[in-house]
Amino acid sequence: MLIGPYQGIDLGTLALMVVLFVVAESISTHVLVDVKEAGISPSSAVALAAVVLVGPVGAAVVGFSCALALRRQALVKRAFNGAQYAIAGYATGHVYLLLGGTVGVPTQSDFPGIVLPYVAAVLTYTVLNSALIAILMWCLGAPRRAPGRRPQRWRPLVALEISSIGYQMLGLAIAAVWGAVGVVATLLILLPLFIARWTFGQQTAEARAHEATLATLCQAVETKDYYTRGHCMRVAEGSAMIAAELGMSAERVQKIRYAGMLHDIGKLGVPTKVIQKTGKLTDDEYAAIKLHPTRGYEIVREISFLDEALAGIRHHHERLDGRGYPMGLVGMEIPESARIISVADVFDCLTSTRSYRKAWSVEEAIVELRRCAGTQFDPRMVEALVRAVSREGWQTPDITEPPGGRYGSTEKADSTSATGTPVPAPAKKDGGAATVAESTSAGAVTGGQDR
């Protein structure tokens, strides 16, 4: 039998709290673009108000009513959510009582003594819910992500959980005015939150529309070459991995991810026969390739939400030694976003099969990036990618060889970089020399020889 205490529970208040909790839980809003399951709702404020008004048992009942939320959910998920909130509410209620909190409508004499127990209850509620979700995700295998699958980004989820504490603190305000106006107290306090919830929903929908638009542009670029399918999205994910590894904010990570998605958008203005050519580029063809960063910038520069991404698109072929294009920037003159995308772009190019060469292994590509760090790439970006890939893995495309199993002739293009520097062919794992068709270099890739 459930342990009490049962005293202090007003059945009318309990019934109203259940109704309010179900309504609030039914209108939760998704606020993370890339995590559809993550949302925020005003129900946490009602749950914490229940701790004060109807005690641990009442809070458990209110929490379990989550199973009645008016939205499409599997029965198992409803049962888990109800049990989760019931456990959290019951435990939170006992923490509140243990620290001196009282059950019922707070009076003026209860303040400020009630504040400390309530704050402890809020923290307990947050920690317990987070722990139960973490246990569920562990059981479902979320932390044991398969190599190559898009990694779970924990920082936005943590930030979301912390922000929900603001909702929970309003529970004390609901309880404090409950005695004077009853259920109207919840409406008065939560109405602004409902409006904020609607605003969050609009912003999230807009962000997802942006994402879908950029993905469509990526597909338009990739239709020009069978071998670049998924390249833009992989560069976007690699860029985001580097940015996150460097500790950038979620907003900056997203902007850099956008830049990775659109970094080759300028190739829409490059003739398809140049992009698909299997042999060495002529001077005119190479000049056309070198124009794509500037053309890409011109195509998307009026899209205001790209912001920092614009610089990444325009300068992702610059080199630290000043031998890149289109402007020949040197060192830290190159925008940070461009230095990130440059590393992710070349890494995916090296580990992808093209019409004129086979893919390198991840290990060989890392060796090449490190070899070119300091002259071509920012060493900090290279090492950030290495750490992220070693921890999260990397998904290489499933194209293993061109149609017919033959590669184009690229002896000259692969044996020298765009700047004329000789490029050694990578050694094979068995110790033999790699064939010319398999060779390339980071210099050739960023120099434009690798389309």
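The structure under discussion appears in the preceding block.
Note that this is a predicted model, so its numbers are computed, not measured.

Things to note about the packing of aromatic side chains
So, point 1. Throughout the structure, instances matching the rule amount to 3 aromatic pairs.
So, point 2. Plain terms: the ring middles of Phe347 and Trp394 are 5.0 Å apart, the flat faces sit at 70 degrees to each other, and that makes the pair edge-to-face. Taken together, the positions of Phe347 in helix H13 (residues 336-350) and Trp394 in the loop between helix H15 (379-392) and helix H16 (411-415) put the pair 47 residues apart, joining distant regions of the chain. Pair check on accessibility: Phe347 and Trp394 agree, each one buried.
So, point 3. A cation over a ring is seen here: Arg314 above Tyr297, with NZ or CZ 4.4 Å from the ring centre.

A few points about a nonpolar patch on the surface
So, point 1. Together, Val177, Val181, Val184 and Leu188 line one region of the surface with nonpolar side chains, adding up to about 310 Å² of accessible area.
So, point 2. Elements represented by at least two residues in the nonpolar patch include exactly helix H5 (154-181) and helix H6 (183-222).
So, point 3. Looking at where Val177 falls in the secondary structure, it is placed in helix H5.
So, point 4. Of the residues examined, Val177 reaches a relative accessible area of 35% and is grouped as partly exposed.

Things to note about helix H10 (residues 283-290)
Since the α-helix advances by 3.6 residues per turn, residues separated by three or four positions end up pointing in the same direction.
So, point 1. By the burial criterion, the buried members of H10 are Glu285, Tyr286, Ala288 and Ile289. Along H10, the residues classed as buried sweep out an arc of 155 degrees about the axis, all on the same side. Turned more than 90 degrees off the buried face of H10, the exposed positions are Asp283 and Asp284.
So, point 2. Check the buried side of H10 and you find it contacts helix H9 (272-275) and helix H11 (292-300).

Here's the deal with unusual backbone geometry
So, point 1. With an omega of 5 degrees, the peptide bond running from Phe111 to Pro112 counts as cis.
So, point 2. Its place among the elements puts Pro112 in the loop between helix H3 (75-98) and helix H4 (115-139).
So, point 3. Cis geometry is adopted by the peptide bond preceding Pro326, which originates at Tyr325 and carries an omega value of 15 degrees.
So, point 4. With a phi close to 50 degrees, Asp307 is a non-glycine residue in the positive phi region.
So, point 5. Examined against the element boundaries, Asp307 turns out to sit in the loop between H11 and helix H12 (309-315).

Examining the packing of helix H7 (residues 231-245) against helix H8 (residues 250-262)
So, point 1. Where H7 contacts H8, the two axes come as close as 7 Å, and the packing angle between them is 150 degrees. Regarding the angle of H7 to H8, the classification is roughly antiparallel. Judged by the sense of rotation from one axis to the other, the crossing of H7 with H8 is right-handed. Residues Cys232, Met233, Val235, Ala236, Glu237, Ser239, Ala240, Ala243 and Ala244 of H7 pack against Val253, Ile256, Arg257, Gly260 and Met261 of H8.
So, point 2. Counted by class, the contact of H7 with H8 contains 10 nonpolar, 2 polar and 2 charged residues.

So, how was this worked out
- Residues numbered from 1 in each chain as written.
- Predicted model: local features only at pLDDT ≥ 70, side-chain atom pairs only at ≥ 80, totals over all residues.
- Heavy atoms only, no water.
- Phe/Tyr/Trp six-rings, centres within 6.5 Å; stacked < 30°, edge-to-face > 60°.
- Helix = DSSP H or I, 4+ residues; strand = E, 2+ residues; numbered from the N terminus.
- Buried < 20%, exposed > 50% of the residue type's maximum accessible area, 1.4 Å probe, protein only.
- Lys NZ or Arg CZ within 6 Å of the ring centre and 35° of its normal.
- Patch = residues over 30% accessible without salt bridge, like charges linked within 9 Å, V, L, I, M, F, W, Y side chains within 5 Å.
- Areas by Shrake-Rupley, 256 points an atom, 1.4 Å probe, with all protein chains shown as cover.
- Salt bridge = Lys/Arg side-chain N within 4 Å of Asp/Glu carboxyl O.
- Arc of directions from axis to C-beta.
- Contact = heavy atoms within 4.5 Å.
- Axes fitted to C-alpha atoms, helices over the stretch in contact; angles between N-to-C directions.
- Parallel < 35°, antiparallel > 145°, perpendicular 65-115°, else oblique.
- Left-handed = near helix turned anticlockwise from the far one by under 90°.
- Nonpolar A, V, L, I, M, F, W, Y, C, P; charged D, E, K, R; others polar.

Bear in mind that shape data such as this cannot, by itself, settle questions of function.
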